[in-house]
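Summary of the model geometry
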Amino acid sequence: MLDFKEIIAEKISNLINVDIEEIKGYIEIPPDKNMGDYAFPCFRLAKTLKKAPPAIAEELKENISIDENLISHFEVQGGYLNFFVNPKVLVKNVLQEIDKLKENYGSTETDRNKNSVKSIIVEYSSPNIAKPFHIGHLRNTIIGNCLYKVYKFLGYNVTGINHLGDYGTQFGKLIEGYKRWGDEYNISEDPINELMKIYIRINECCEENEEVLEACRENFKKLEDGDDYCVELWNWFKEESLKEFNRIYDLLGVKFDSLNGESFYTDKMAEIEEILDKKKVTKISQGAKIVDLEDKGLGVCMIRKSNGSTIYATRDLAAIKYRADTYNFDKCLYVVAYEQALHFKQIFEVAKFLGIPEKCVNGLEHVQYGMTRLATGKMSTREGTAIKVQDLLEEAISRTMKIIEEKNPDMNEKEENAKKIGIGAVVFNNLSNTIIKDQVFDWNNVLSFQGDTGPYIQYVYVRTKGILENLDFVPNFEEIDVNCLLDSSAIDVVATLYKFGDVLKSVTDKNEPSLLARFLLELAQKYTIFYNEDKVLVDDEKVKNARAYLTYCVQLIIKIGCNLLGMEMPSKM
Ligand code: ARG
C-alpha cells in the first residue's frame with residue numbers, strides 16, 4: 001500500500017539532507033482536516049538550519065516536487081508545511097489493498113516475513129491456585145490475550161504463557177489447614193471458596209500462634225522436597241483450581257501455549273543461585289541471601305530466605321533464564337498490575353547477571369495496568385465483597401439476554417448472541433482506555449449500546465451486515481467506480497481504514513491495546529456518519545455498488561479488529 005508519510009519524508013529528506021527516519025518521526029497528523037492530512041513542523045529544523053520556521057516552510061514549498069497524483073497540493077501555514085493527499089488515489093489504494101489481503105489486511109506480507117524471525121513471549125493471566133480469580137486477573141487476561149493476538153496477526157512467533165501462582169508458603173498453610181479441618185469443608189463442591197475459607201482460618205491461627213506458622217513452613221519445605229502427602233494434596237488443589245479457571249478461559253475464548261507456572265521452576269533455582277554466587281553479586285544479610293540493588297535505588301532483591309526456602313523472585317529469575325534458553329526471545333512481556341513495578345525492576349536488574357543474551361535482557365518488559373474498582377464500592381476477598389469473575393461474566397450474558405428479550409424477542413440465535421455481546425462488552429470495557437489507568441466497573445456503561453462501548457461497535461457491525469444482506473451480493477472491487485466515494489464522509493471512512501496497519505503496529509510498539517479499541521470506535525463513528533449522509537441502498541447502481549463495497553470493507557475491518565481485541569461478532573442485535 002502507498003505510504004504517504006514515507007513519500008513525503010523522502011522528498012523532504014532529499015532536499016535538506018536529514019535522515020528520512022528522523023523526518024518521519026517529525027511528521028504529524030493534524031487534528032483538523034483544513035490543515036491537511038500530514039503536516040511537517042519546520043521548527044524542528046530551525047536550530048540545524050539556523051532559520052525561522054516559516055522561512056524553512058516557504059523554502060521547502062518552493063523546492064519540493066511531489067507527483068500530484070499522490071499529494072494533490074501542499075501549503076504553508078505558520079511554521080508548518082501541510083500536505084493534502086489526493087483523495088482518489090487514497091480511496092483506490094485502500095480499497096484495492098483490502099480486496100487483495102482480505103482477512104490479512106493490516107499485516108503486509110513483507111512485515112509478516114520480517115516479524116516471523118522474532119520470538120515474543122506474552123505472559124498473562126497468571127492467577128494464584130487455591131485463590132479466587134479476581135477482577136484484576138480478568139483485566140490481565142483480556143489485555144494479554146489481545147497483545148498475544150495482535151503480535152500473532154503481525155506475523156511474530158508468539159508464545160503465550162500462563163505463569164500460574166502454584167507455589168510458595170501459602171501452600172504450606174493450606175496443607176496445614178486441610179490437615180486440621182479438611183473434613184469440615186465441602187471442597188469438591190466449591191473448591192476455591194472452601195479452600196479460601198481454610199486459608200483465612202489458618203492465617204488467623206498463624207497470627208496467634210508462632211508454632212502453627214512454623215508447621216506451615218515445614219509443610220512447604222516438605223512440598224519442595226517431594227513429600228508424597230504434601231505433593232498429592234497440592235496436585236489436587238491445583239487440579240480443582242484449574243477446572244474453575246478453565247471455565248472462565250472458555251467463556252473468554254482464551255488459550256495458552258504453556259501453563260508453566262511457579263512450581264515448574266522448583267528444580268531450576270539452584271542453578272540461578274550458583275550463577276549469581278559465581279558472579280559475586282549475592283551476599284548474606286540477616287541469614288537471607290540477597291542481591292543488593294541499593295546503588296540503583298531498587299532496594300534489595302531476596303534470592304533465598306533465612307529458612308532456606310526460595311521465593312517469588314527466585315522463581316521469576318529461573319523463568320527468565322529458562323525462557324531465554326528455550327525461546328531465545330526478543331521480547332518477554334509481563335502483563336502484571338502496576339503494584340508489582342518494583343519487583344519487576346529488581347528482577348530485570350538481576351537478570352543482567354544471568355549470562356543470557358543481551359537481546360533477551362533488553363527485551364524484558366513489564367506491561368502495567370491499573371486497578372478495577374466496582375461502582376458500588378471497594379472489593380475485598382476477606383470481607384466477601386469481591387465479585388467472582390465467573391459470576392460477573394455470566395451476569396453480563398444474562399443482563400444482555402434481558403435486553404434482547406425486551407427489545408427483540410424474536411431474534412435468531414438469541415443465546416449465542418447474548419454471549420457474544422455480553423462478553424464482548426466486558427472485554428471492550430477493559431481495553432477502551434489507556435491500560436495503566438484505574439477504571440471503575442459500572443454495568444450501565446459497560447452494556448450501553450451507545451457511547452464508547454463494545455455493544456456500540458457490534459451494533460454498527462451488525463448494521464453493515466444487514467445492508468449487505470439486503471443487497472444480496474458484495475460487488476467486486478474491479479466493478480466499482482471510486483469516483484463515487486469522493487465526498488467527505490466517504491473519504492473520512494477510507495482515511496480511517498488506511499490507518500489500520502499503523503494502529504496495529506503501534507499497539508505492539510507501545511503494548512497498548514486501547515489504541516486498537518479507540519481505532520474501532522473511530523471507524524464505527526465515521527461509518528455511522530457516512531451511512532446517515534450517504535444512504536447505501538440508492539437507485540443509482542454505480543453509487544450503490546461503490547457504497548456497498550465500502551460497507552463491506554468496514555464490516556471486514558471491524559470484525560478483524562474486534563477479534564484481535566478478543567470479541568466475537570453477533571449475527572443480530
Ligand atoms: N500470580 C501473581 C499474582 O496473582 C502474578 C504473577 C505475575 N508474573 C510473574 N512472572 N511474576 O499476583
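Below you will find a few notes about this structure. All values derive from a computational prediction rather than experimental measurement. (Residues numbered from 1 in each chain as written. Predicted model: local features only at pLDDT ≥ 70, side-chain atom pairs only at ≥ 80, totals over all residues. Heavy atoms only, no water.)

**Digging into the site of the ligand**
- In the neighbourhood of the ligand, the contacting residues comprise E123, S126, N128, H137, H163, Y312, D316, Y334, V336, Q340 and F344.
- Contact distances for the ligand include 3.1 Å between an oxygen atom and a side-chain N or O atom of Q340.
- In isolation the ligand has 340 Å² of accessible area, and contact with the protein removes 89% of it.
- For the shell around the ligand, the elements supplying multiple residues, two or more each, are helix 13 (312–327) and strand 9 (331–337). (Near = heavy atom within 4 Å. Polar contact = N/O pair within 3.5 Å; in protein donor to acceptor, adjacent residues only side chain to side chain. Areas by Shrake-Rupley, 256 points an atom, 1.4 Å probe, with all protein chains shown as cover. Helix = DSSP H or I, 4+ residues; strand = E, 2+ residues; numbered from the N terminus.)

**Quick notes on the pattern of salt bridges**
- Here the structure, examined in full by the defined rule, presents 38 salt bridges.
- Put simply, E21 and K24 hold a salt bridge, and the shortest N to O gap is 3.9 Å. With E21 and K24 both in helix 2 (residues 20–26) and three residues apart, the pair spans about one turn of that helix.
- In this structure, a network of salt bridges that share partners links the residues E273, D277, K289 and R304. (Salt bridge = Lys/Arg side-chain N within 4 Å of Asp/Glu carboxyl O.)

**What to know about the state of the cysteines**
- Tallied over the full model, the rule gives zero disulfides.
- Between C205, a free cysteine, and C206, which holds the nearest cysteine sulfur, the sulfur-to-sulfur gap is 6.9 Å.
- For C301, which is in no disulfide, the shortest distance to another cysteine sulfur is to C332 and amounts to 16 Å.
- For C301, a relative accessible area of 1% translates into the label buried. (Disulfide = S-S within 2.5 Å. Buried < 20%, exposed > 50% of the residue type's maximum accessible area, 1.4 Å probe, protein only.)

**Some words on the sheet that holds strand 4 (residues 119–123)**
- The sheet built from four strands is open, its strands ordered 5-4-9-10 with parallel pairing. Across the chains shown, the open sheet's two edge strands, defined by having one partner strand only, are strand 5 (157–161) and strand 10 (364–369). Across the sheet, the mean angle from the axis of one strand to that of its neighbour is 20°, orientation sign disregarded.
- In this sheet, strand 10 lies alongside strand 9 in parallel orientation, the contact comprising six bridges. (Pairing = 2+ DSSP bridges. Axes fitted to C-alpha atoms, helices over the stretch in contact; angles between N-to-C directions.)

**Considerations on helix 8 (residues 169–181)**
- Taking 1.5 Å of rise per residue, the 13 residues of helix 8 would be expected to cover 18 Å, and the 19 Å separating its terminal C-alpha atoms lies within 8% of that figure.
- The elements touched by buried residues of helix 8 are helix 9 (191–208), helix 10 (210–224) and helix 11 (228–252). (Expected span 1.5 Å × (residues − 1). Contact = heavy atoms within 4.5 Å.)

**A closer look at the pairing of strand 3 (residues 80–85)**
- For strand 3, the tally of buried residues reaches five of six residues, placing the bulk of the element in the interior.
- Where strand 1 (residues 38–41) meets strand 3, four bridges bridge the pair, whose relative direction is antiparallel. Bridging across to strand 3, P41 finds its partner in Y80.
- Sheet topology places strand 2 (residues 71–77) next to strand 3; six bridges connect them, and they run antiparallel. Across the sheet, the residue bridging to Q77 is Y80, located in strand 3.
- Hairpin geometry of strand 2 and strand 3 is characterised by an intervening segment of two residues between the two adjacent antiparallel strands and by a positive phi of about 60° at G78.

**Side note on the nonpolar core**
- Residues F40, F83, L95, L393, L497, L516 and I557 are the most contacted members of the largest nonpolar core, which totals 164 residues.
- Element by element, the count of residues in this core is highest for helix 22 (residues 541–565), at 15 residues.
- In this view, L95 contacts F477, I480, L485, Y549, L550 and C553; residues no more than four positions away in its chain are not counted.
- Residues I161, Y265, I303 and A319 belong to the second largest nonpolar core, which totals 33 residues. (Core = buried A, V, L, I, M, F, W, Y, C linked by side-chain atoms within 4.5 Å.)

**Examining the environment of P409**
- Among the secondary structure elements, P409 is positioned in the loop between helix 16 (389–407) and helix 17 (414–431).
- As for P409 and S65, which are separated by 344 residues in sequence, their C-alpha atoms are 61 Å apart.

**Comments concerning the environment of R399**
- Tracing the backbone shows R399 in helix 16.
- For the pair R399 and A351, spaced 48 residues apart in sequence, the C-alpha separation works out to 47 Å.
- Ignoring sequence-local partners within four residues, the contact set of R399 consists of W443 and L447.

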